[in-house]
Amino acid sequence: MYIKPTDTEKTRVIEIVEKGLTGEGLAEDEILDLYKINPESPLAAYVCWAGRQLQMELCNGKAEVHAQIGLNSTTCPHNCLFCSFAACNTVREKGKYEMPVEDVIESAKILCDAGANLMLLLATGTYPMGKAYEMVAAVREVIDDDMPLLVNFDDMTKENVHELHKAGANGAYHAIRMREGVDTNLSIDSRWETIHNLVDEGMSISTCVEPIGPENTPEELTEATLRCMSYPNNSAGCGRRITVPGTLLADRGELSDFANAKNVAIYRLAAGRKPMLNCAASTAVSAAAGANLAWAEMGSNPRDAVKKTEDGGRGVSVATYQRVLRAAGYEILDGYSKGWML
């Protein structure tokens, strides 16, 4: 359905986008006005064009594929309503499953050989921290010293973060998710505490405004964008919620590719010149709107309900995402992602 903008709307959006293209970033009211644009408006296409222009300039036309290995699918008590691991959802067999270290190492080797630019280990809130330290150390031994190694674990104490760093992790993916504390059992305060612990330890952070659903308002998206921009990170952006049939949020639906692409472009313009890596390039549409980072996945995955996501789940290979990014006009970075080894 075509949405015709008014002259006032066009003038306002052009002013904001022209400022955004300078790389100076945007103010709160400007970010909000961009999120208010209907995806069916031609102004949305203009914003996507602008996000692409700025991103191409910042990254010199380069894109990256980072790799994630899910370590377990043990039922998680944090009850994130969108997650297939949550105890409150019934899409997976309940109980404990942890990937053997031999399988994790083999997955890491496969992803490295495929050309991944960074490695990340994912685990649910039930994964023992002692085992997490051991798994990080085991993976660190089989990947090159120059390859960044990140974790995506439960909220972490200062001691947890320090021990992960000692074991060989360079940073973590951590986010305060949409409607944290409402659609999850985790508090915003506990998420912030982990972020502060990572910063204090001198570890790098990857983050995102996610998981975005059709119900999230422009005001919510603006607040989340400003929050992500307020702490140091090496990658950020916007990611839509993936509907997992049978989960408690499945009936809320999922953003269209183009609506997701508009959000990706807005984050790029809002954040200015940093970080250089903007996610999530899950489709060529979002990549063409300024996302230059995609995530290949192996092992368990909160966005599907199979044992190994690469076997009949949502898992996408490094090679496939490289093709997606090339289709959007990028060159793939040859070598390892930069700036994570603080």
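Refer to the structure printed above.
Asks: I keep staring at the overall build of the chain and nothing clicks. Help me out?
Replies: Along its length, the chain carries 11 helices and 10 strands. By the compact-globule yardstick of 20 Å for 342 residues, the chain fits well, its C-alpha radius of gyration being 19 Å. With respect to the three principal axes, the spread of C-alpha positions in the chain is 60 × 40 × 40 Å. Taken over 342 residues, the chain has a buried fraction of 57%. Contacts in the chain between residues at least 24 apart in sequence constitute 75% of all its contacts with a sequence separation of at least 6. Taken as a whole, the chain presents about 13,800 Å² of accessible surface, with 52% of it coming from carbon and sulfur. Taking the average location of the 33 positive side-chain charges in the chain and that of its 47 negative ones, the two points are 3 Å from each other.

Asks: Help me understand helix H8 (residues 218-229) in this model?
Replies: An α-helical segment advances 3.6 residues per turn. Residues three or four places apart therefore align on the same side. Taking 1.5 Å of rise per residue, the 12 residues of H8 would be expected to cover 16 Å, and the 16 Å separating its terminal C-alpha atoms lies within 8% of that figure. When we look at burial in H8, the residues that qualify are Glu220, Leu221, Thr222, Ala224, Thr225, Arg227 and Cys228. Looking at the buried positions of H8, the neighbouring elements they touch are helix H2 (28-35), helix H7 (188-201), strand E6 (209-212) and helix H9 (257-271).

Asks: Sorry, what's going on with the nonpolar core here?
Replies: A general tendency of soluble globular proteins is for nonpolar side chains to be buried together. Met119, Leu121 and Phe153 are the most contacted members of the largest nonpolar core, which has 87 residues in total. In contact with leucine 121, other than residues within four places in its own chain, are Ile69, Leu71, Val104, Met135, Val136, Val139, Leu149, Leu150, Val151, Asn152 and Phe153. Of all hydrophobic cores here, the second largest spans 13 residues; its members include Leu118, Leu150, Leu293 and Trp295.

Asks: Sorry if this is basic, but what is going on with the side chain of arginine 92 here?
Replies: Its place among the elements puts arginine 92 in the loop between strand E1 (62-70) and helix H4 (101-114). Side-chain polar atoms of arginine 92 contact the backbone oxygen of asparagine 301, separated by 2.8 Å. Not counting chain neighbours up to four residues away, the residues in contact with arginine 92 comprise Ser73, Ser84, Phe85, Asn301, Asp304, Ala305 and Val306.

Asks: So what exactly am I meant to see when it comes to the environment of tryptophan 49 here?
Replies: Along the chain, the position of tryptophan 49 falls in helix H3 (residues 42-59). In this structure the C-alpha to C-alpha distance between tryptophan 49 and glycine 290, which are 241 residues apart in sequence, comes to 8.1 Å.

Asks: Explain the pattern of salt bridges here, please?
Replies: If charged atoms from side chains of opposite charge come close, those side chains can pair. All chains considered together, the criterion is met by 21 salt bridges. Residue glutamate 254 pairs with arginine 240 through a salt bridge whose shortest N-O separation is 3.9 Å. Of this pair, glutamate 254 sits in the loop between strand E7 (235-240) and H9 while arginine 240 sits in strand E7, placing them 14 residues apart in sequence. Of the residues examined, glutamate 254 reaches a relative accessible area of 34% and is grouped as partly exposed. What emerges from the salt-bridge pattern is a single network uniting Asp155, Arg177, Glu180 and Arg191.

Asks: I keep staring at the packing of aromatic side chains and nothing clicks. Help me out?
Replies: Both the distance between ring centres and the angle between the ring planes are used here to describe each pair of aromatic rings. Tallied over the full model, the rule gives three aromatic pairs. With 6.4 Å between their ring centres and 35° between their planes, tyrosine 127 and phenylalanine 153 make a pair best called tilted. Of this pair, tyrosine 127 sits in the loop between strand E2 (118-122) and helix H5 (129-142) while phenylalanine 153 is found in the loop between strand E3 (149-152) and helix H6 (158-167), placing the two residues 26 residues apart along the sequence. Judged on exposure class, the residue tyrosine 127 and its partner phenylalanine 153 are both buried.

Asks: Looking at this model, I keep getting lost on the pairing of E2. Mind explaining?
Replies: In the case of a regular strand, side chains alternate between the two sheet surfaces. For E2, the buried fraction is high: five of the five residues fall into the buried class. Remark: the E1/H4/E2 crossover connection has right-handed handedness. As paired elements, E2 and E3 share four bridges and run parallel to each other. Its bridge partner lying in E3, methionine 119 is registered against leucine 149. Between the parallel elements E2 and E3, the chain passes through H5 in a crossover that is right-handed.

Asks: Is there a simple way to think about the state of the cysteines in this case?
Replies: As used in these notes, a disulfide is a covalent bond between sulfur atoms, one from each of two cysteines. Across all of its chains, the model carries zero disulfides by this definition. Its sulfur unpaired, cysteine 48 is 11 Å from the next cysteine sulfur, which belongs to cysteine 238. By relative accessible area, cysteine 48 is classed as buried at 7%. In this structure cysteine 59 is a free cysteine whose sulfur lies 14 Å from that of cysteine 279, the closest cysteine sulfur available. We classify cysteine 59 as buried; its relative accessible area is 4%.

Asks: What's the story with helix H1 (residues 7-20) in this structure? I'm lost.
Replies: For H1, with 14 residues, the first-to-last C-alpha span of 20 Å sits near the 20 Å given by 1.5 Å per residue. Residues of H1 that are buried include every one of Val13, Ile16, Val17 and Gly20, and no others. Angularly, the buried residues of H1 cover 95° about the axis, an arc narrow enough to put them on a single face. Exposed residues lying more than 90 degrees from the buried face of H1 are Asp7, Thr8 and Glu18. Each element contacted by the buried residues of H1 is listed here: H2, H3 and H9.

Basis of the calculations
Residues numbered from 1 in each chain as written. Predicted model: local features only at pLDDT ≥ 70, side-chain atom pairs only at ≥ 80, totals over all residues. Heavy atoms only, no water. Helix = DSSP H or I, 4+ residues; strand = E, 2+ residues; numbered from the N terminus. Rg over C-alpha atoms; globule rule 2.2 N^0.38 Å. Buried < 20%, exposed > 50% of the residue type's maximum accessible area, 1.4 Å probe, protein only. Contact = heavy atoms within 4.5 Å. Areas by Shrake-Rupley, 256 points an atom, 1.4 Å probe, with all protein chains shown as cover. Lys, Arg positive; Asp, Glu negative; His and termini not counted. Charge placed at Lys NZ, Arg CZ, Asp CG, Glu CD. Expected span 1.5 Å × (residues − 1). Core = buried A, V, L, I, M, F, W, Y, C linked by side-chain atoms within 4.5 Å. Polar contact = N/O pair within 3.5 Å; in protein donor to acceptor, adjacent residues only side chain to side chain. Salt bridge = Lys/Arg side-chain N within 4 Å of Asp/Glu carboxyl O. Phe/Tyr/Trp six-rings, centres within 6.5 Å; stacked < 30°, edge-to-face > 60°. Right-handed = clockwise from strand over helix to strand, strands pointing away. Pairing = 2+ DSSP bridges. Disulfide = S-S within 2.5 Å. Arc of directions from axis to C-beta.

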